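These are the residues of each chain, in order.
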Amino acid sequence: MALIITDECINCDVCEPECPNSAISQGEEIYVIDPKKCTECVGHYDVPQCVEVCPVDCIILDPDAVESKEQLRTKYESLIAKK
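Note that the coordinates shown come from a computational prediction; the quantities given were computed from them, not determined experimentally. (Residues numbered from 1 in each chain as written. Predicted model: local features only at pLDDT ≥ 70, side-chain atom pairs only at ≥ 80, totals over all residues. Heavy atoms only, no water.)

### A closer look at the nonpolar core
With 17 residues, the main nonpolar core has I5, C15, I24, I33 and I59 as its most contacted residues. For this core, the elements supplying multiple residues, two or more each, are β1 (3–5) and β3 (31–33). For I33, the contacting residues outside a window of four places in its chain are L3, I4, I5, A23, I24, C38 and I59. (Core = buried A, V, L, I, M, F, W, Y, C linked by side-chain atoms within 4.5 Å. Buried < 20%, exposed > 50% of the residue type's maximum accessible area, 1.4 Å probe, protein only. Helix = DSSP H or I, 4+ residues; strand = E, 2+ residues; numbered from the N terminus. Contact = heavy atoms within 4.5 Å.)

### Section: the environment of Q26
Looking at where Q26 falls in the secondary structure, it is placed in strand β2 (residues 24–26). Judged by its relative accessible area of 41%, Q26 is partly exposed. The sequence separation of Q26 and D13 amounts to 13 residues, and the corresponding C-alpha distance is 8.7 Å. With sequence-adjacent residues up to four places away left out, Q26 is seen in contact with N11 and Y31. Polar side-chain contacts of Q26 include one of 3.4 Å to the side chain of N11. (Polar contact = N/O pair within 3.5 Å; in protein donor to acceptor, adjacent residues only side chain to side chain.)

### Points about the side chain of Q49
If you trace the backbone, Q49 turns up in helix α1 (residues 49–53). Its relative accessible area of 16% is what places Q49 among the buried residues. Not counting residues up to four positions away in its chain, the partners in contact with Q49 are E18 and C41.

What follows is the structure, given as C-alpha cells:
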C-alpha cells in the first residue's frame with residue numbers, strides 16, 4: 001500500500017526530506033503523498049521513514065492503494081531505473 005497523510009497533519013515539514021522517493025510534497029493545506037512514488041521505503045529502509053519521524057502519527061496506510069511487498073519492490077525498481 002502507499003501511505004497517506006491525514007488531516008491531522010500540522011505541516012511540521014519533517015516528513016518531506018525523509019522520503020527517499022520524493023513522494024511527499026506540500027499540498028494546498030497539508031502535505032500529500034504521491035501513491036505512484038510511494039514504496040513505503042521498500043528498497044531503501046525496513047520501515048517507512050516518514051512514519052518514523054511524524055510527531056503526530058498522521059501518516060497511515062492508504063486503503064485505496066493496496067499493494068503487496070512485491071509490487072512495492074517492482075515500483076521501487078522502476079523509480080530507480082528512471083533516475
